[in-house]
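Fold and contact review
Chain by chain, the residues:
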Amino acid sequence: MLSLSIRRDTMADGSQFAFTPAVEAATLPLWEKVKHHVTPMEWRLQAPLIAEINRLKREKDAVILAHNYMTPEIFHGVGDYVGDSLGLAKEAAKSDAKIIVQAGVHFMAETSKILSPGKTVLIPDLLAGCSLASSITGADVRLIKQRYPGLPVVTYVNTTADVKAETDVCCTSANAVQVVEHVAKEWGVDRVILIPDEFLARNVARQTDVKIIAWQGRCEVHERFTAADILELREAYPNAEVLAHPECPAEVLEVSDFAGSTAAMNDYVLQRKPKQVVLITECSMADNVAADAPETEFLRPCNLCPHMKRISLQNIYEALAYDRYEVTVDPAIAERARLSVQRMIDLPPPLIPARYDLVKARHHVDVELI
């Protein structure tokens, strides 16, 4: 076990939790998983909180949904379900737990509430937002539909409930191409509105013959990556495999070895076991995948999401202890939003694993920007 002295940490309510031998023993399996990503000094502070959070979950019949972009002590320490935003919400809907704590951002908590209307959904920090979700509103979508009557609207799940409520079908980065082609066929059209991520729309446009109408929304994490970053990295590490998220600019995908969703990147590493890899996405993703892939060296030219990093063990504890910051969605909006999410869930799985064809990705295809 860790050879660390016992210390006590004061919580927001003045109570104290100590790094006792019992806490050390209870959290040892978790420490073994994260010890290459968390220092012993950090763990001495984190382990008592982790033990208390896990105790509270049992006491209050709660589960914690930990997004891929959470830091390792949250992702591996207290997360009951881990993964991308939609996967978390679907798992929560299957759970019998009464309370869901969303270790992620606000639109994710809304999606969990949409799919689990009878459960209490808590978010540890009300300011944990999203630049992409904030780029568009339900009113914007209504105006788009007036401008393009009769065209189907496909909306990325990284959006608010009121946007989903104005949507025909939702999509993820993993199935965006499939959803666009499906709705084009079902509606009998050759153009589809794909909102709000401009770069996802541009990358999808290169994968399909369906014409794309796009919105100028962007993720502040992924938009900062450039092709020059990747080429510089390749010069320094010629054997490294570069995996990019499709929210990145198209020029980044052009010089990458693989492009896919967070789940697809995770599967790529675990199945192919590259010697060196770079994940062109949020920083904590690499730490969390690395804990399950010790044989792979992870290079770290990443960008932090300031919104995700508002979630901490401290405010997760406070959310559970005090039932703090419940997320609600107007039932009328939730009902309509649920339809758009469910239409996506009901689609048959893709015939091939979700990834972006990088040969197609290198061909320029125009999109119509709204």
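Please read these numbers as outputs of a predicted model, since none were measured by experiment. (Residues numbered from 1 in each chain as written. Predicted model: local features only at pLDDT ≥ 70, side-chain atom pairs only at ≥ 80, totals over all residues. Heavy atoms only, no water.)

Here we come to the overall build of the protein chain. Within the protein chain, the secondary structure is distributed over 16 helices and 15 strands. Taking 2.2 N^0.38 as the reference for a compact globule, 370 residues should give roughly 21 Å; the C-alpha atoms of the protein chain span a radius of gyration of 21 Å, in line with that estimate. The dimensions of the protein chain, computed from C-alpha atoms along their principal axes, are 65 × 55 × 30 Å. By residue count, 55% of the 370 residues in the protein chain fall in the buried class. A separation of at least 24 residues holds for 64% of the contacts in the protein chain among residues at least 6 apart in sequence. For the protein chain, the accessible surface area stands at approximately 15900 Å², while carbon and sulfur atoms represent 51% of it. Across the protein chain, 39 positive and 50 negative side-chain charges occur, with their mean positions spaced 2 Å apart. (Helix = DSSP H or I, 4+ residues; strand = E, 2+ residues; numbered from the N terminus. Rg over C-alpha atoms; globule rule 2.2 N^0.38 Å. Buried < 20%, exposed > 50% of the residue type's maximum accessible area, 1.4 Å probe, protein only. Contact = heavy atoms within 4.5 Å. Areas by Shrake-Rupley, 256 points an atom, 1.4 Å probe, with all protein chains shown as cover. Lys, Arg positive; Asp, Glu negative; His and termini not counted. Charge placed at Lys NZ, Arg CZ, Asp CG, Glu CD.)

What follows concerns the pattern of salt bridges. In total, this model carries 20 salt bridges according to the counting rule given. We note a salt bridge from Glu 166 to Lys 145, for which the minimum N-O separation is 3.3 Å. One end of the pair, Glu 166, is in the loop between helix H7 (161-165) and strand S8 (169-171); the other, Lys 145, is in helix H6 (residues 138-147), and 21 residues separate them in sequence. On the basis of relative accessibility, which here comes to 8%, the residue Glu 166 falls in the buried class. One continuous salt-bridge network, built from bridges that share partners, spans Arg 142, Lys 145, Glu 166 and Arg 336. (Salt bridge = Lys/Arg side-chain N within 4 Å of Asp/Glu carboxyl O.)

Pairing within the open sheet is parallel, and its four strands lie in the order S4-S3-S5-S6. Every other strand in the sheet has two partners, leaving strand S4 (81-83) and strand S6 (120-122) as the edge strands with one partner each. Adjacent strand axes in the sheet meet at a mean angle of 20°, parallel and antiparallel pairs treated alike. (Pairing = 2+ DSSP bridges. Axes fitted to C-alpha atoms, helices over the stretch in contact; angles between N-to-C directions.)

The next point concerns empty space enclosed by the protein. On inspection of all chains with the given rule, the structure shows one cavity of 30 Å³ or more. Approximately 310 Å³ is the volume attributed to the largest cavity. Forming the boundary of the largest cavity are 29 residues, of which His 67, Tyr 69, Met 108, Asn 158 and Glu 247 lie nearest the centre. For the lining of the largest cavity, the per-class residue count stands at 14 nonpolar, 12 polar and three charged. (1 Å grid on protein atoms, 1.4 Å probe; cavity = no way out; pocket = protein on both sides within 12 Å on 5 of 7 lines; lining within 4 Å. Points joined across faces, edges and corners; volume = space filled by probe spheres on them. Nonpolar A, V, L, I, M, F, W, Y, C, P; charged D, E, K, R; others polar.)

Attention shifts here to the packing of aromatic side chains. Inspection of every chain in the model, using the stated rule, returns four aromatic pairs. Taking the centre distance of 5.7 Å and the plane angle of 80° together, the rings of Phe 17 and Tyr 317 count as edge-to-face. Of this pair, Phe 17 sits in strand S2 (residues 16-18) while Tyr 317 sits in helix H14 (residues 313-322), placing them 300 residues apart in sequence. Each member of the pair, Phe 17 as well as Tyr 317, is classed as buried. Ring centres of Trp 31 and Trp 43 lie 5.6 Å apart, and the angle between their planes is 40°; this geometry places the pair in the tilted category. Taken as a pair, Trp 31 in helix H1 (residues 21-34) and Trp 43 in helix H2 (residues 40-60) lie far apart in primary sequence, 12 residues in all. With respect to burial, Trp 31 and Trp 43 carry one shared label: buried. In textbook terms, an aromatic cluster arises when at least three aromatic residues are bridged by ring pairs, as seen for Phe 17, Tyr 317 and Tyr 322. (Phe/Tyr/Trp six-rings, centres within 6.5 Å; stacked < 30°, edge-to-face > 60°.)

This part is about the confidence of the model for the protein chain. Mean pLDDT for the protein chain: 90, with 94% of residues reaching 70 or above. Counting contacts from residues 1-15, a segment whose pLDDT is below 50, to residues more than four positions away or on other chains yields 42 contacts. (pLDDT = per-residue confidence, 0-100.)

With that settled, consider the pairing of strand S3 (residues 62-67). Of all six residues that make up S3, six are buried, and the element is covered over most of its length. In S3, alternate side chains face the same way, and those of Ala 62, Ile 64 and Ala 66 on one face and Val 63, Leu 65 and His 67 on the other are all buried. In this sheet, strand S5 (residues 99-103) lies alongside S3 in parallel orientation, the contact comprising five bridges. Bridge pairing links Ile 64 to Val 101 in S5. With three bridges connecting them, S3 and S4 associate as parallel partners. In the sheet register, Ala 66 faces S4, and the bridge partner there is Val 82.

With 109 residues, the main nonpolar core has Ile 74, Ile 212, Leu 279, Ile 280, Phe 298 and Ile 316 as its most contacted residues. A total of six residues in this core trace back to one element, the largest contributor, which is H2. Counting residues in hydrophobic clusters, the runner-up holds 11 residues, among them Ile 136, Val 141, Leu 151 and Trp 215. (Core = buried A, V, L, I, M, F, W, Y, C linked by side-chain atoms within 4.5 Å.)

Let us look at the packing of helix H4 (residues 85-94) against helix H5 (residues 106-115). Between H4 and H5, whose axes approach to 9 Å, the crossing angle comes to 35°. As for the relative orientation of H4 and H5, their crossing is right-handed in sense. On H5, the residues that touch Ser 85, Ala 89, Lys 90 and Ala 93 of H4 are Phe 107, Met 108, Thr 111, Ser 112 and Leu 115. The residue makeup of the contact of H4 with H5, split by class, is five nonpolar, three polar and one charged. (Left-handed = near helix turned anticlockwise from the far one by under 90°.)

It is worth spelling out the sheet that holds strand S10 (residues 211-214) at this point. Taken in spatial order, the five strands line up as S8-S7-S9-S10-S15 in an open sheet, and their pairing is parallel. Where the open sheet ends on each side, the last strands, each with one partner, are S8 and strand S15 (368-369). Inspection of the sheet shows strand S9 (residues 191-195) paired to S10 by four bridges, in the parallel sense. Paired with Val 192 across the strands is Ile 212, a residue of S10. Running at roughly 160° to S8, helix H8 (residues 176-187) makes contact with strand S7 (153-156), S8, S9 and S10 of the sheet.

In an α-helix, one turn spans 3.6 residues; hence positions three or four apart end up facing the same way. Here H1 spans 19 Å end to end across 14 residues, near enough to the 20 Å set by a 1.5 Å rise per residue. Where H1 bends most, the angle comes to about 55°, and this point is Leu 28, followed within four residues by the proline Pro 29. For H1, the complete set of buried residues consists of Val 23, Glu 24, Thr 27, Trp 31 and Val 34. (Expected span 1.5 Å × (residues − 1). Bend = angle between axes of the 7 residues up to and from the residue.)

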